[in-house]
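# Reading the structure
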Amino acid sequence: MPAVRTLWRVVGQMGQGPACGCGMAALPGRALGTSPWQSPADASFHSASSSETDRPRVLITGGLGQLGVGLANLLRKQFGKDNVILSDIRKPSDRVFHSGPFIYSDILDYKNLRESVVNHRITWLFHYSALLSAVGEANVSLARAVNITGLHNVLDVAAEHNLRLFVPSTIGAFGPTSPRNPTPDLCTQRPRTIYGVSKVHAELMGEYYHYRYGLDFRCLRYPGVISADSQPGGGTTDYAVQIFHDAVKNGKFECNLKPSTRLPMMYIDDCLRATLEVMEAPAESLSLRTYNVSAMSFSPEELAQEVLKHIPQFQITYNVDSVRQAIADSWPMNFDDSNARKDWGWKHVFDLPELVTTMLNFHGSQSRVAQAN
Ligand SMILES: NC(=O)C1=CN([C@@H]2O[C@H](COP(=O)(O)OP(=O)(O)OC[C@H]3O[C@@H](n4cnc5c(N)ncnc54)[C@H](O)[C@@H]3O)[C@@H](O)[C@H]2O)C=CC1
Ligand SMILES: CC(=O)[C@H](N)C(=O)O
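Given the structure is predicted, the values throughout are model-derived calculations rather than measurements.

Definitions and cut-offs
- Residues numbered from 1 in each chain as written.
- Chains lettered and ligands numbered in written order.
- Predicted model: local features only at pLDDT ≥ 70, side-chain atom pairs only at ≥ 80, totals over all residues.
- Heavy atoms only, no water.
- Near = heavy atom within 4 Å.
- Polar contact = N/O pair within 3.5 Å; in protein donor to acceptor, adjacent residues only side chain to side chain.
- Areas by Shrake-Rupley, 256 points an atom, 1.4 Å probe, with all protein chains shown as cover.
- Helix = DSSP H or I, 4+ residues; strand = E, 2+ residues; numbered from the N terminus.
- Salt bridge = Lys/Arg side-chain N within 4 Å of Asp/Glu carboxyl O.
- Buried < 20%, exposed > 50% of the residue type's maximum accessible area, 1.4 Å probe, protein only.
- Axes fitted to C-alpha atoms, helices over the stretch in contact; angles between N-to-C directions.
- Parallel < 35°, antiparallel > 145°, perpendicular 65-115°, else oblique.
- Left-handed = near helix turned anticlockwise from the far one by under 90°.
- Contact = heavy atoms within 4.5 Å.
- Nonpolar A, V, L, I, M, F, W, Y, C, P; charged D, E, K, R; others polar.
- Phe/Tyr/Trp six-rings, centres within 6.5 Å; stacked < 30°, edge-to-face > 60°.

### Notes on the site of ligand 1
Close to ligand 1 lie 27 residues; Gln66, Asp88, Arg90, Asp106 and Tyr195 are nearest. In this structure, Ser129 approaches ligand 1 through a side-chain N or O atom, which is 3.1 Å from a nitrogen atom. Between Lys199 and ligand 1, the recorded distance is 2.9 Å, taken from a side-chain N or O atom to an oxygen atom. Relative to its unbound accessible surface of 830 Å², ligand 1 loses 93% to contact with the protein. Secondary-structure elements contributing two or more residues to the shell around ligand 1 are strand 6 (169-170), helix 10 (194-213) and strand 8 (224-226).

Here it is in structure tokens:
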């Protein structure tokens, strides 16, 4: 457990944990009381058997959004159904509720979050709760609370309980002064959305906790993620999910971005596999704690051309949303993910043609089922 050793070393030097150093005096409930801050004797009292340590015990926050249920399915195949706990502040559907453990967990409630981690003996935390780019601009104060205050709670709980922590970042963590074609891992980051600002903050805070306290923080900057059986939560790249639904249902689609707006995108299966792979990567292979990951890059007109190959009567029209367009115009066009490929072997599977075939097959079969019923 190198992380624990690092923590003991740093604690020995500093005489305090992260919470003590960042305003915890105002929040006595957050005084650090358990591993890695407890005494070695206390720690061994609750030491886990080897079968328990083989598999992580996982908590996913914000798990009812576009990505969380798919992540839970993937992790449950790998680690066992009962070892992966999905959480959110929303009510799960019957299907989700019966597919594995689900709990209420509000990341703004530190005690509730800590209780979830303690009661379920969590060892890995995937922090998915967030307000995305477009909804964030519509409600800046809520986005600031969820994306920044919520992250602070997650970081403190993760450090207190020695968790391995995954926090996703985004292409939205870059801005108009970043190099856009391609965008490397390390460059100017001056985003102009509260979403982007909060994600840069998350990257920096996670890395700070790693270097200062030994927290095993891992972060991927996702492109726009495209999924068939889950809806996007209010982002700038949402058009690339909706287009498939509308193409199959109505044969036409009204796009809220300009035809030439090029953005990095990824099919959900690649995104979730990348997430698991970086979490499983040996710590010594990670030269960074925050990596770009990429698969493809396209514009609405290029996506429409690919859809036309399958649905010749498909029509796309444009009704530009000025907020989303301004955001998209400040984001990367192509993402340089060479460090992820070099360090831990990242390799995407889905390019644009496979993505379009997969999405249309899914929606086509869904609509045939609906017509038959
Ligand atoms: N979907 C995408 O294209 C991309 C997603 N990401 C990141 O991946 C993560 C997951 O994304 P999605 O599933 O698309 O997001 P989403 O917007 O679909 O879901 C976010 C979830 O967070 C929950 N939430 C809100 N406030 C909460 C609170 N106080 N406590 C607990 N949960 C709360 C919501 O109920 C919602 O279910 C986010 O951090 C997002 O920034 C990054 C880049 C691209
Ligand atoms: C790329 C993202 O982070 C998200 N899909 C959004 O458009 O806000």
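### Some words on the pattern of salt bridges
According to the stated counting rule, one finds 13 salt bridges in the structure shown. Between Asp185 and Arg221 there is a salt bridge; the shortest N-O distance is 3.8 Å. With a gap of 36 residues between them, Asp185 in the loop between strand 6 and helix 10 and Arg221 in strand 7 (residues 216-222) connect regions that are remote in the sequence. Of the charged contacts in the structure, one is a salt bridge between Lys342 and Asp343, with a shortest N-O distance of 3.5 Å. Classification of Lys342 by relative accessible area gives exposed; the value is 60%. Asp343 gets classed as buried once you look at its relative accessible area, which sits at 16%. Residues joined by salt bridges that share partners form a network here, namely Arg164, Asp216, Arg218 and Arg289.

### Concerning the packing of helix 5 (residues 68-79) against helix 12 (residues 268-280)
To characterise two packed helices, one gives the angle between the axes of the helices and the distance between these axes. The contact between helix 5 and helix 12 brings their axes to 10 Å, and the two run at 50°. By the angle class used here, helix 5 and helix 12 are oblique. Where helix 5 crosses over helix 12, the handedness of that crossing is right-handed. Seen from helix 5, the contacting residues are Gly70, Leu71, Leu74, Leu75, Gln78 and Phe79; seen from helix 12, they are Leu272, Arg273, Thr275, Leu276 and Glu280. Of the residues in the contact of helix 5 with helix 12, the class split is 6 nonpolar, 3 polar and 2 charged.

### Some remarks on unusual backbone geometry
Geometrically, the link from Asn181 to Pro182 is a cis peptide bond, its omega value of 0° lying close to zero. The phi dihedral of Arg121 falls on the positive side, at around 50°, and the residue is not glycine. Turning to its location among the elements, Arg121 is positioned in the loop between helix 7 (110-119) and strand 4 (124-127). Look at Arg121 and you get partly exposed, because its relative accessible area is 46%. The phi angle at Asn162 is positive, at roughly 55°, despite the residue not being glycine.

### Points about the packing of helix 7 against helix 9 (residues 140-160)
Look at helix 7 against helix 9: their axes get within 10 Å of each other, and the N-to-C directions meet at 35°. In this structure, helix 7 crosses over helix 9, and the sense of that crossing is right-handed. Of helix 9, the residues touching helix 7 (which contributes Tyr110, Leu113, Arg114 and Val117) are Asn153, Val154, Asp156, Val157 and Glu160. Looking at the contact of helix 7 with helix 9 residue by residue, the classes come out as 5 nonpolar, 1 polar and 3 charged.

### Observations regarding the packing of aromatic side chains
Overall, the coordinates contain 12 aromatic pairs when judged by the stated rule. Note on Trp124 and Phe126: the rings are 6.4 Å apart at their centroids and 55° apart in plane angle, and the pair reads as tilted. What makes Trp124 buried here is its relative accessible area of 11%. With a relative accessible area of 0%, Phe126 lands in the buried category. The interplanar angle of 45° and the centroid separation of 4.4 Å between the aromatic rings of Tyr267 and Phe350 together place this pair among those described as tilted. Taken as a pair, Tyr267 in strand 10 (residues 263-267) and Phe350 in the loop between helix 15 (338-344) and helix 16 (352-372) lie far apart in primary sequence, 83 residues in all. By relative accessible area, Tyr267 is classed as buried at 7%. Every member of this aromatic cluster is reached through a ring pair, and the members are Phe79, Trp124, Phe126, Tyr128, Phe166 and Tyr222.

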